[in-house]
Amino acid sequence: MSVPAFTGSNVMDVDAAKIRGAGSNVHFDKVSVAYGAHVVLHPLTLDIAPGEILAMIGPSGSGKTTALRAVAGFVRPASGRIRIGATDVTDLPPYERGLGMVVQNYALFPHMRVEDNVAFGLRAQGADKALIGERVKDSLATVGMLGFAKRYPRELSGGQQQRVAIARALAVRPRVLLLDEPLSALDAQIRRNMVEEIAKLHRDLPGLTILYVTHDQTEALTLADKIAIMRDGRVSSHGPTAELYRRPPNRFTAEFLGRANLLPVTVAEGAAGPKGLAKARLGNAVLAGAARGEKPGDKTLLCIRPQHLSLTGDEEHTNRIVGTLKEVHWQGELTHLVLDVDGTPVRVSATRLPVSLPEPGSAMPLFFAPGDTSLVPEDVRG
Ligand SMILES: Nc1ncnc2c1ncn2[C@@H]1O[C@H](COP(=O)(O)OP(=O)(O)OP(=O)(O)O)[C@@H](O)[C@H]1O
Ligand SMILES: [Mg+2]
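Note that the structure is a prediction, hence the values are computed from the model and not measured.

(A) The overall build of the protein chain, seen in detail. In terms of regular secondary structure, the protein chain is built from 9 helices and 19 strands. Once the C-alpha set of the protein chain is aligned to its principal axes, its extents read approximately 80 × 45 × 40 Å. Every one of the 382 residues in the protein chain was classed for burial, and the buried ones make up 46%. Restricting the contact set of the protein chain to residue pairs at least 6 apart, pairs at least 24 apart contribute 68%. Within the structure as shown, the protein chain displays about 18,500 Å² of accessible surface, and the carbon and sulfur contribution to it stands at 52%.

Written out as structure tokens, the structure is:
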């Protein structure tokens, strides 16, 4: 017996039992990665709960793939430990980690039919024929590709190939699914459909933990329970998706996750009242927004999303600023306006316009609700 772990179908069952009992949370414990003297991942501590979808997003080169490859076992951390469930996997080879992985360019074997591609991992593990047949069927059914088992990859569209790649990753019944930009090679329409399909897949397999690496913030906002935003090999922020969007903890997060207007303000009054609103001064205007422990006199940023700015005031939209209208871009469903507010460009996405819009160059008031805005500290770069 040359490679004991890969022989005999009983080994599969033992492993599967061991893996099921071990849980599916992923824990990075001060994991750092360096290529030569170049540190590309600074000590990273991060937890992904069992059954959670964590989207890791960030600019090119920020260390997303490196973090994912460390979990997969394709790069060795310079320091720190990685645990999956109760198992410390840092020293285990990739195939013993109980993972499925899908990367950008699908990497299906071109000379193998769909069913053989999906069976590949199980055959490598020495699973018996009946089990392989059953798993191939199940996995293809999960991604809606059962009717394509006899085709070759070249006979499939890009989206179909990516579904097969996901089926192949699922066939070994992984406890964690690693997805690295799985949709970036697909065009926009197919990508949207696939995002919905991955969401459905996760509803069907709620125990499966997913680490989803992307630089597409829409994919992250749509799919993820939590988001980690990477910057220069460090986690810049990490938290529940809606919270990170609504109350970004720093400028980088505010600007990376969706579009944000960030107005430089001076805090006039710290948080007060049940909603924790602070008051901040912008020129002559006093504006209320969700606080983060600021003190009077602090210089900070007021974050307001373009869709939360209204052209008309009411009892809810009590914050008022005035800008000079610079540009109007009509896009059918939305009209984008750009105003200058005390030297800061402010973007507005409006679904409804007044009957007559002022001429560019005219002064125009904008209104927004205190609950839709938050104070965001300027980034301190280490
Ligand atoms: N094998 C390698 N040898 C040397 N440097 C590497 C290697 N792989 C990655 N790097 C460097 O590590 C840094 C992080 O790369 P990584 O692939 O993790 O980025 P990423 O966030 O996934 O970027 P992208 O969004 O472009 O995929 C980059 O500066 C990259 O050049
Ligand atoms: Mg990458």
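(B) Here's a closer look at the domain arrangement of the protein chain. Partitioning the protein chain into structural domains gives domain 1 (4-246) and domain 2 (259-376). For domain 1 versus domain 2, the distance between C-alpha centres works out to 40 Å.

(C) Focus on the pairing of strand β17 (residues 344-350). Within β17, 5 of the 7 residues are buried, leaving the element largely enclosed by the surrounding structure. In this sheet, β17 lies alongside strand β16 (residues 335-341) in antiparallel orientation, the contact comprising 7 bridges. Within β17, the position partnered with Val341 by the bridge is Thr344. Hairpin geometry of β16 and β17 is characterised by an intervening segment of 2 residues between the two adjacent antiparallel strands and by a positive phi of about 50° at Asp342.

(D) Summary view of the site of ligand 1. Around ligand 1 sit Tyr35, Val40, Pro59, Ser60, Gly61, Ser62, Gly63, Lys64, Thr65, Thr66, Glu181 and His215, and that is every residue in its neighbourhood. In this structure, an oxygen atom belonging to ligand 1 sits 3.0 Å away from a main-chain N or O atom of Gly63. In the complex, the protein chains occlude 58% of the 640 Å² of accessible area that ligand 1 would expose alone. Considering every element that reaches the shell around ligand 1, the biggest residue donor is helix α2 (residues 64-72), with 3 residues. The residue makeup of the shell around ligand 1, split by class, is 3 nonpolar, 7 polar and 2 charged.

(E) Seen up close, the side chain of Thr253. Mapped onto the secondary structure, Thr253 falls in helix α9 (residues 251-256). Among the polar contacts listed, one links the side chain of Thr253 to the side chain of Ser237, at a separation of 2.7 Å. Not counting residues up to four positions away in its chain, the partners in contact with Thr253 are Ile229, Ser236, Ser237, Leu244 and Pro248.

(F) Main features of the nonpolar core. Counting 36 residues, the largest nonpolar core has Val118, Leu140, Ile166, Leu177 and Tyr212 as its most contacted members. Where this core is concerned, the elements lending two or more residues are α3 (114-124), α4 (129-142), α5 (158-171), β7 (176-180), α6 (188-204) and β8 (209-213). Looking at this core element by element, the count peaks at 7 residues for α5. Non-local contacts of Val118, meaning those with residues more than four positions away in its chain, are made with Val136, Ser139, Leu140, Val164, Ala167, Arg168 and Ala171.

(G) View of the environment of Ala369. Mapping Ala369 onto the fold places it in the loop between β18 (363-368) and β19 (373-376). Separated by 60 residues in sequence, Ala369 and Leu309 have C-alpha atoms that sit 8.3 Å apart. Apart from the residues within four sequence positions on either side, Ala369 is in contact with Glu316, His317 and Asn319.

(H) Representation of the packing of α3 against α4. Close contact between α3 and α4 brings their axes to 9 Å; oriented N to C, the two are set at 125°. Looking at the two axes, α3 sits oblique to α4. For the pair α3 and α4, the sense of crossing is right-handed. When α3 is examined against α4, the residues Val114, Glu115, Val118, Ala119, Leu122 and Arg123 are found in contact with a partner set consisting of Ile132, Arg135, Val136, Ser139 and Leu140.

(I) Region of interest: α2. Within α2, 7 of the 9 residues are buried, which leaves it mostly tucked inside the rest of the structure. What α2 keeps buried is the set Lys64, Thr66, Ala67, Leu68, Ala70, Val71 and Ala72. Just downstream of α2, Gly73 is the residue with a positive phi angle, here 95°.

(J) Examining the sheet that holds β7 more closely. Taken in spatial order, the 6 strands of this open sheet run β6-β7-β8-β3-β9-β10, and their pairing is mixed. The sheet is open, and its two edges are formed by β6 (99-102) and β10 (234-240), each paired on a single side. Averaged over all neighbouring strand pairs, the angle between strand axes comes to 15°, with direction disregarded. Judged from the 5 bridges that link them, β7 and β8 form a sheet pairing that is parallel. Counted as the bridge partner of Leu177 is Ile210 from β8. Each of β3 (53-57), β6, β7, β8 and β9 (226-231) is contacted by α2, which is oriented at about 150° to β7, the strand it contacts most.

Here is what the cut-offs are and how they apply
Residues numbered from 1 in each chain as written. Chains lettered and ligands numbered in written order. Predicted model: local features only at pLDDT ≥ 70, side-chain atom pairs only at ≥ 80, totals over all residues. Heavy atoms only, no water. Helix = DSSP H or I, 4+ residues; strand = E, 2+ residues; numbered from the N terminus. Buried < 20%, exposed > 50% of the residue type's maximum accessible area, 1.4 Å probe, protein only. Contact = heavy atoms within 4.5 Å. Areas by Shrake-Rupley, 256 points an atom, 1.4 Å probe, with all protein chains shown as cover. Domains from an automatic or database assignment. Pairing = 2+ DSSP bridges. Near = heavy atom within 4 Å. Polar contact = N/O pair within 3.5 Å; in protein donor to acceptor, adjacent residues only side chain to side chain. Nonpolar A, V, L, I, M, F, W, Y, C, P; charged D, E, K, R; others polar. Core = buried A, V, L, I, M, F, W, Y, C linked by side-chain atoms within 4.5 Å. Axes fitted to C-alpha atoms, helices over the stretch in contact; angles between N-to-C directions. Parallel < 35°, antiparallel > 145°, perpendicular 65-115°, else oblique. Left-handed = near helix turned anticlockwise from the far one by under 90°.

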